[in-house]
Amino acid sequence: MKNKFDVVVIGAGPAGYVAAIRCAQLGLSTACVDAWCDKNGNASLGGTCLNVGCIPSKALLESSELFTQAQHEFSNHGINVSLAELDLAQMLRRKDKIVKDLTKGISGLFQSNKVEYFSGLGKVHSPGQVSIKKSGSNETIIVHAKNIILATGSRSTEIPSAVIDKQTIVDSSGALEFDQVPKTLGIVGAGVIGLELGTVWRRLGSKVILFEALPSFLPSADREIASNALKIYQNQGLEFRFNSKVVSCEVNKAVVVHTEEQGQAKTQEVDRLVVAVGRKPNSEHLTTPQVKLEIDAAGFVRVDDQCKTNIEHVYAIGDLVRGPMLAHKGSEEGMMVAELIAGHFARVNYDNIPSVVYTHPELAWVGQTEQSLIAQGRDYRAGVFPFAASGRARAAGDTSGLVKVIADAKTDRILGVHMIGPHCSELIMQAVIAIEFSASAEDLALTMFAHPTLSEAFHEAALAVDNRAIHIAKAKRA
Ligand code: FAD
Ligand code: NAD
């Protein structure tokens, strides 16, 4: 087997596998080492995202949303189905099959691009050398690499007051596997994972209670969008306990959660508890002690804008480094690093990273919020358009939410776009492209949008920046 490569990538999540494929496309001899094994002990590519993250969570979000629609919404369309029944085992099998197919798909891509795949634990042995402890054996081999890309991702943060036992107290991976719908489900952390997985189990019948340490949620979202979202989630039945600190848990068949809420001791019994309080980078044991890789206080490998570490020819990308922990951000870094190694120009625009929360309705945003602009003292104009005034949203019976476009007051350049509503995960990409091409609100206003589409709400919000939205009685903002 070959043991000398132009590039060795450690980690095959969306950052690492994309980097490996792009390196190979660019003619670099490439290997990728990954340690992930599924619950049957079989090697499985794709990292957190494909195995226990983006993909399985979206499979369950889709299935649970269809269940809700069949139960509560079809009859409004004049479609009467006899009682919709949940087959949770089938829902989970469907999710597992999607994961299996996609992870196998990465193996196929590695083969067709001639990326050499090693299943095992990788470590930088010395600059230019990677040791690989092969999965399921004690054998360790050394391979030579002119360049090394670290892409070892992240794992769930644990807290001592709610220790994961994988039965009653679980992390996000466990919350994708419940074999019964918990009657009551507690979630520690009302962040993206808490909201998405809380939504799944609420739709399937759980009473969901979210314990959030902060006085509000989604700190990086526009406040108007976050407060809209809170009202909608509460109407859907999610219960939020803000300013709530989990102090300890007693586990018997259920979990008794002891919290401190605004100085008061409280107790809540739940059948299952999910801990979703953030993720931490897998930066331990990445190198032998003599390789002095710089790691910051929070555990992230230190890199510059081009993902270069302090060691020459060693790069780090994805959740392992600063910036939002998002699959698409890691993939873009992977592509950038591949291009740089091949001697090409490449950059990532860190000011234009879309964020999405895949609840129903979906939240999506990119760029600056009104709050961040106010804090910077920058003058801006904002236009808002509600989905309630969109013909297509009405036809779909999906009218909650709004689109907000924020533009520079002087240059009219779009600085941020914020949405809550139907299909916003797709709509936001129009804003990302507009920002990437330095569009102004007027550029969007002058663009023709097909009718009737949800995208028209984006068009109208851009028109509203200049107070000339058509389908609202009076522009909301001066
Ligand atoms: P990872 O995907 O974590 O992959 C790292 C890989 O490296 C793993 O396979 C790991 O086993 C391997 N590894 C670690 N150490 C070693 C070693 N020493 N040697 C060899 N291999 C090693 N992001 C989104 O953008 N959209 C979403 O909708 C979304 N949903 C999510 C839902 C959930 C429930 C979770 C948990 C996360 C979600 N994320 C989402 C976040 C997303 O999964 C991560 O941002 C993304 O997977 C990070 O990619 P990565 O390649 O940096 O790391
Ligand atoms: P998060 O940072 O989004 O939210 C964690 C929440 O837990 C925060 O609101 C925080 O205030 C709260 N918290 C922290 N400690 C607490 C404590 N002791 N008690 C109560 N609350 C506490 O983290 P997450 O939801 O775990 O998600 C992890 C990462 O995965 C995120 O960075 C996110 O970007 C990524 N992710 C993305 C998506 C998506 O793009 N749709 C989906 C899921 C996960």
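Read on for an overview of the structure. (Residues numbered from 1 in each chain as written. Chains lettered and ligands numbered in written order. Predicted model: local features only at pLDDT ≥ 70, side-chain atom pairs only at ≥ 80, totals over all residues. Heavy atoms only, no water.)

Points about unusual backbone geometry
Leaving glycine aside, a negative phi is the common case for residues, and trans is the common case for peptide bonds.
Logical step 1: The residue after His360, namely Pro361, is reached through a cis peptide bond having omega 0°.
Logical step 2: Pro452 follows His451 through a cis peptide bond whose omega is -5°.
Logical step 3: With respect to the helices and strands, the residue Pro452 is situated in the loop between helix 11 (441-445) and helix 12 (455-465).
Logical step 4: Phi angles above zero are rare outside glycine, and Gln262 is one such case at about 50°.
Logical step 5: Within the secondary structure, Gln262 is located in the loop between strand 12 (255-261) and strand 13 (264-270).
Logical step 6: Its relative accessible area of 64% is what places Gln262 among the exposed residues.
Logical step 7: The residue Asp412 is not glycine, and still its phi comes out positive at about 70°.
Logical step 8: Counting through the fold element by element, Asp412 comes out in the loop between strand 20 (402-408) and strand 21 (414-421).
Logical step 9: For Asp412, a relative accessible area of 14% corresponds to the buried category. (Helix = DSSP H or I, 4+ residues; strand = E, 2+ residues; numbered from the N terminus. Buried < 20%, exposed > 50% of the residue type's maximum accessible area, 1.4 Å probe, protein only.)

Observations concerning the nonpolar core
Logical step 1: In terms of nonpolar packing, the biggest core is built from 39 residues, with Phe217, Tyr233, Phe240 and Leu363 touching the most fellow members.
Logical step 2: Take this core: its biggest share by element is 5 residues, from helix 6 (residues 223-236).
Logical step 3: Residue contacts for Tyr233: discarding those within four places in its chain leaves Leu195, Phe217, Leu238, Phe240, Val357, Thr359 and Leu363.
Logical step 4: Ala364, Val366, Val405 and Phe458 belong to the second largest nonpolar core, which has 32 residues in total. (Core = buried A, V, L, I, M, F, W, Y, C linked by side-chain atoms within 4.5 Å. Contact = heavy atoms within 4.5 Å.)

Points about the sheet that holds strand 13
Logical step 1: With antiparallel pairing, the 3 strands of this open sheet are ordered in space as 11-12-13. Each end of this open sheet is capped by a strand with a single partner; those strands are strand 11 (244-251) and strand 13. For this sheet, the mean angle separating the axes of adjacent strands, direction not counted, is 25°.
Logical step 2: With 7 bridges joining them, strand 12 and strand 13 adopt antiparallel strand pairing. Bridging across to strand 13, Val255 finds its partner in Val270. (Pairing = 2+ DSSP bridges. Axes fitted to C-alpha atoms, helices over the stretch in contact; angles between N-to-C directions.)

A short note on the pairing of strand 18 (residues 362-367)
Logical step 1: For strand 18, the tally of buried residues reaches 5 of 6 residues, placing the bulk of the element in the interior.
Logical step 2: Where strand 17 (residues 355-357) meets strand 18, 3 bridges bridge the pair, whose relative direction is antiparallel. Pairing of Val356 across the sheet is with Ala364, part of strand 18.
Logical step 3: The loop that links strand 17 with its antiparallel partner strand 18 comprises 4 residues.
Logical step 4: Direction of pairing for strand 18 relative to strand 21: antiparallel, over a ladder of 6 bridges. Note that in strand 21 the partner of Glu362 across the bridge is Gly421.

Let's talk about the sheet that holds strand 20
Neighbouring strands of a sheet are bound in pairs by backbone hydrogen bonds; such pairs are parallel or else antiparallel.
Logical step 1: Taking strand neighbours across the sheet as the criterion, the 5 strands line up as 17-18-21-20-19 in an open arrangement whose pairing is antiparallel. Two strands in the sheet have a free side with no partner beyond their single neighbour: strand 17 and strand 19 (380-386). Averaged over all adjacent pairs, the angle separating strand axes in this sheet is 10°, with direction ignored.
Logical step 2: The pairing of strand 19 with strand 20 spans 7 bridges and is classified as antiparallel. Counterpart to Ala382 in the pairing with strand 20 is Ile406.
Logical step 3: Relative to the sheet, helix 12 contacts strand 19, strand 20 and strand 21, its axis offset from that of strand 19 by approximately 140°.

Side note on the environment of Ala316
Logical step 1: Mapped onto the fold, Ala316 is located in strand 16 (residues 314-316).
Logical step 2: When the C-alpha positions of Ala316 and Phe345 are compared, they lie 18 Å apart, and in sequence the two are 29 residues distant.
Logical step 3: The residues contacting Ala316, other than those within four sequence positions of it, are Leu150, Val301, Val303, Cys307, Thr309 and Val321.

A short note on the packing of helix 3 (residues 54-73) against helix 5 (residues 192-203)
Logical step 1: The interhelical angle for the contact between helix 3 and helix 5, taken along N-to-C directions, is 35°, at an axis separation of 9 Å. The hand of the helix 3/helix 5 crossing is left-handed. Taken together, the residues of helix 5 that come into contact with helix 3 (itself represented by Ser57, Lys58, Leu60, Leu61, Ser64, Glu65, Phe67, Thr68 and Gln71) are Glu196, Leu197, Thr199, Val200 and Arg203.
Logical step 2: A breakdown of the residues in the contact of helix 3 with helix 5 according to their chemical character gives 5 nonpolar, 5 polar and 4 charged. (Left-handed = near helix turned anticlockwise from the far one by under 90°. Nonpolar A, V, L, I, M, F, W, Y, C, P; charged D, E, K, R; others polar.)

Here's the deal with the site of ligand 2
Logical step 1: Neighbouring ligand 2 are 19 residues; Ile193, Glu196, Glu212, Gly278 and Val356 lie closest to it.
Logical step 2: Separating an oxygen atom of ligand 2 from a backbone N or O atom of Ile193 is a distance of 2.9 Å.
Logical step 3: Side-chain polar atom of Glu196 to a nitrogen atom of ligand 2: 2.9 Å apart, as the coordinates give it.
Logical step 4: For the shell around ligand 2, the element with the highest residue contribution is helix 5, accounting for 3 residues.
Logical step 5: Here the residues of the shell around ligand 2 sort into 12 nonpolar, 4 polar and 3 charged. (Near = heavy atom within 4 Å. Polar contact = N/O pair within 3.5 Å; in protein donor to acceptor, adjacent residues only side chain to side chain.)

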